[in-house]
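Descriptive structure summary
Listed below, chain by chain, are the residues.
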Amino acid sequence: MKSVIAAAIAMSALTSAAANAQGNAGPLQHCTARVVYSEELPFAPVDSWLVKVTLAITPQNGNTYYTTLQNRMPWQGPPPRRGQAFRLWCDPANPNDLRLSSRPGVSSSF
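Residues numbered from 1 in each chain as written. Predicted model: local features only at pLDDT ≥ 70, side-chain atom pairs only at ≥ 80, totals over all residues. Heavy atoms only, no water.

Moving on, we get to the overall build of the protein. Each helix and strand in the protein was counted, giving one helix and five strands. For the protein, the sequential pattern of α-helices and β-strands runs α-β-β-β-β-β. Counting only residues that meet the buried cut, the protein has 37% of its 110 residues in that class. Long-range pairs, those at least 24 residues apart, make up 61% of the contacts in the protein with a sequence separation of at least 6. (Helix = DSSP H or I, 4+ residues; strand = E, 2+ residues; numbered from the N terminus. Buried < 20%, exposed > 50% of the residue type's maximum accessible area, 1.4 Å probe, protein only. Contact = heavy atoms within 4.5 Å.)

Attention shifts here to the sheet that holds strand E5 (residues 94–100). Strand order in the open sheet formed by five strands is E3-E2-E1-E4-E5, and the pairing between neighbours is antiparallel. On the outer flanks of this sheet lie strand E3 (65–74) and E5, each paired with one strand and no other. Strand-to-strand twist of the sheet, defined as the mean angle between neighbouring strand axes without regard to direction, takes the value 45 degrees. Bridge count between strand E2 (residues 48–59) and E3: ten bridges; the pairing is antiparallel. (Pairing = 2+ DSSP bridges. Axes fitted to C-alpha atoms, helices over the stretch in contact; angles between N-to-C directions.)

What follows deals with a nonpolar patch on the surface. Where nonpolar side chains cluster on the molecular surface, the patch consists of Val36, Tyr37 and Tyr66 and spans about 320 Å² of accessible area. The topology assignment puts tyrosine 37 in strand E1 (residues 29–41). (Patch = residues over 30% accessible without salt bridge, like charges linked within 9 Å, V, L, I, M, F, W, Y side chains within 5 Å. Areas by Shrake-Rupley, 256 points an atom, 1.4 Å probe, with all protein chains shown as cover. Salt bridge = Lys/Arg side-chain N within 4 Å of Asp/Glu carboxyl O.)

So, about the state of the cysteines. With the rule as written, the count across this model stands at one disulfide. Residue pairing for cysteine 31: its cysteine sulfur links by disulfide to cysteine 90, the two sulfurs lying 1.7 Å apart. Residues cysteine 31 and cysteine 90 are joined through a disulfide that is left-handed, its torsion about the S-S bond being -45 degrees. Of this pair, cysteine 31 sits in strand E1 while cysteine 90 sits in strand E4 (residues 85–91), and the two are 59 residues apart along the sequence. You can call cysteine 31 buried: its relative accessible area is 1%. (Disulfide = S-S within 2.5 Å.)

It is worth spelling out the nonpolar core at this point. Formed by 14 residues in total, the largest nonpolar core has its most connected members in Leu55, Ile57, Leu88, Cys90 and Leu98. Elements with a minimum of two residues in this core: E1, E2, E3 and E4. Ranked by residues supplied to this core, first place goes to E2 with four residues. Not counting residues up to four positions away in its chain, the partners in contact with cysteine 90 are Pro27, Leu28, Gln29, Cys31, Ile57, Pro59, Tyr65, Asp97 and Leu98. (Core = buried A, V, L, I, M, F, W, Y, C linked by side-chain atoms within 4.5 Å.)

Here the focus is the pairing of E2. Taking burial as the measure, the twelve residues of E2 include nine buried ones, the bulk of the element. Sheet topology places E1 next to E2; ten bridges connect them, and they run antiparallel. Its bridge partner lying in E2, serine 38 is registered against valine 53. Counted along the chain from E1 to the antiparallel partner E2, the turn is six residues long, and its residue phenylalanine 43 has a positive phi close to 70 degrees.

Here's what the structure looks like:
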């Protein structure tokens, strides 16, 4: 359930990043994303959270880099919490090119 919630916020936040990066056809790698900081922002649309998340993204054989995403997510699930982790596809040369992986997520600290 926790990985589903993390995937829900990632899906909503990554949709715009993936749409912007469709023109860039770089080599994608398996990466692990871990929530470093999460903040609920005011003025979210009805029935949703407005969330700002800082992720530490670690490519399989590379250095960790950080990116911040802001988007809304459905109110049914809690916003992401520090320490939650999940797998995704990333391109270290283009930090905004993030896509969810279909493999099960990495276990969370909660």
